[in-house]
Amino acid sequence: MKAMKTKILYLISFLMVGIGFTNCTDEEYSLGDLNAPTNLVINTEIIGQNTENPDGDGSGDVIISVTADGAIGYKIDYGTAAQSELVSLSSTTVTKRYSSTGTYLITVVAYGSGGSSTTATKEITVRSDFNVEPEIVTYLTNNSSKTWVVDKDVPGHLGVGPWEGSSTPEWWSSAIDEKVACCNCFYTSTFTFSFLAGSNSYQINVATPDGAFTKTGALSSIPGIPASGDEGCYSYGGAVTPFTFTGATSGIADSTQTAILLGGTTSFIGYGALQKSYEIIELTENYMYLRVQGTETGNAWYLKLKPAL
């Protein structure tokens, strides 16, 4: 019996050595060629541009399209912020509305395999004739600074409906205190709108002491949000960014026809939607009703806010 045990031990040792030799076999791996995209071209069409209107018709709309050989993705900086702010392009053609007359440097980065990239720039001059009603500035900023919060005490302070052909949250509308249990950060975040008289410009300060209320990953428009997870409150450092007023593009009749266009990618109002243009449906001294293109394509999100106490 002892001899048999010894033979078994020898056999096990032999097999282990064999496995060890097998595992030590050299294997070659290849990442493939890391070729940066080539022939990157930025094409722009300034709406209404002609001999009489070389910088467009005053709408500020510019159709931007990009092409490149070997590109698997693109990022773009529209040239509207003081610092470079690259955002991902979900399509190779996008319409950008510039809210102020001026010259802008568009930068596009095309990405190839393994993170290789190619960069191109194009300068455009655009005319924008939009003028905001003075009472909108007064109600929103108090002609200096004014802080707003989502109004959890009214029904419909958050709602969802179709982006096209409707001006109501017909798919879903929140109840009073709807998100208190799961996502109270929705109600504790503050949004301070300021009018800077010295530079005749506007600024928003977003403060989120309990986190930012948003979805995750590609459905979020603000930095630092996890790649996956449920809708909820997520750690977010806040932001101070410029904003401007533009004409609304939804075409709905019951609206001020004015939108708040946030600069850059780091700020938001109420909910971290993908788009940065918040249409003002109604605005008074004590009430603000906004509409923004939602996290999912084809959705409109509705937000009701009130002045902070």
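Heads up: these notes are all about the structure in this document. In this text, all values refer to a predicted model and were calculated from it rather than measured experimentally. (Residues numbered from 1 in each chain as written. Predicted model: local features only at pLDDT ≥ 70, side-chain atom pairs only at ≥ 80, totals over all residues. Heavy atoms only, no water.)

Moving on: the pairing of strand S18 (residues 287-293). Each regular strand shows side chains that alternate between the opposite faces of the sheet. Within S18, 5 of the 7 residues are buried, which leaves the element mostly enclosed by the surrounding structure. Across 6 bridges, strand S17 (residues 277-284) lies against S18 in antiparallel orientation. The residue of S18 that forms the bridge with Tyr278 is Val292. Counted between consecutive antiparallel strands, the loop separating S17 from S18 contains 2 residues. Here S18 pairs with strand S19 (residues 299-307) via 6 bridges, running antiparallel. Residue Met288 lies in a different strand from S19, and its bridge partner there is Leu305. Counting the residues that bridge the hairpin from S18 to S19 gives 5 residues, and of these Gly298 lies at a positive phi of roughly 95 degrees. (Buried < 20%, exposed > 50% of the residue type's maximum accessible area, 1.4 Å probe, protein only. Helix = DSSP H or I, 4+ residues; strand = E, 2+ residues; numbered from the N terminus. Pairing = 2+ DSSP bridges.)

So, about the packing of aromatic side chains. This model, assessed by the stated rule, comprises 14 aromatic pairs. Ring geometry for Phe213 versus Tyr271: centroids 5.0 Å apart, planes at 90 degrees, classification edge-to-face. Placement of Phe213 in strand S13 (residues 212-214) and of Tyr271 in the loop between strand S16 (258-262) and S17 is noted, with a sequence separation of 58 residues between them. Across this residue pair, the class does not change: Phe213 and Tyr271 are buried. A connected cluster of aromatic rings, assembled from ring pairs, spans Phe186, Tyr187, Phe213, Tyr271 and Trp301. Arg291 extends its terminal NZ or CZ atom over the ring of Trp163, reaching a point 4.3 Å from the ring centre. In this structure, Lys304 packs its charged tip against the face of Tyr289, placed 5.3 Å from the ring centre. (Phe/Tyr/Trp six-rings, centres within 6.5 Å; stacked < 30°, edge-to-face > 60°. Lys NZ or Arg CZ within 6 Å of the ring centre and 35° of its normal.)

A word on unusual backbone geometry. Of note, the phi angle at Asn142 is positive, near 60 degrees, even though the residue is not glycine. Structurally, Asn142 is set in the loop between helix H2 (134-141) and strand S8 (145-150). In the Ramachandran plot, Asn143 falls in the positive-phi region, its phi being about 60 degrees despite a non-glycine side chain. With respect to the helices and strands, Asn143 occurs in the loop between H2 and S8. With a relative accessible area of 43%, Asn143 lands in the partly exposed category.

Pairing is antiparallel in the open sheet, where 3 strands are placed in the order S1-S2-S5. Bordering the open sheet on either side are strand S1 (38-46) and strand S5 (93-97), each of which pairs with just one other strand. Going across the sheet, the axis of each strand differs from the next one's by a mean of 20 degrees, ignoring polarity. Relative to strand S2 (residues 61-69), S1 runs antiparallel, the two sharing 7 bridges. By the bridge assignment for S2, Ile46 is matched with Val62. (Axes fitted to C-alpha atoms, helices over the stretch in contact; angles between N-to-C directions.)

What is shown is where atoms sit, not what they do.
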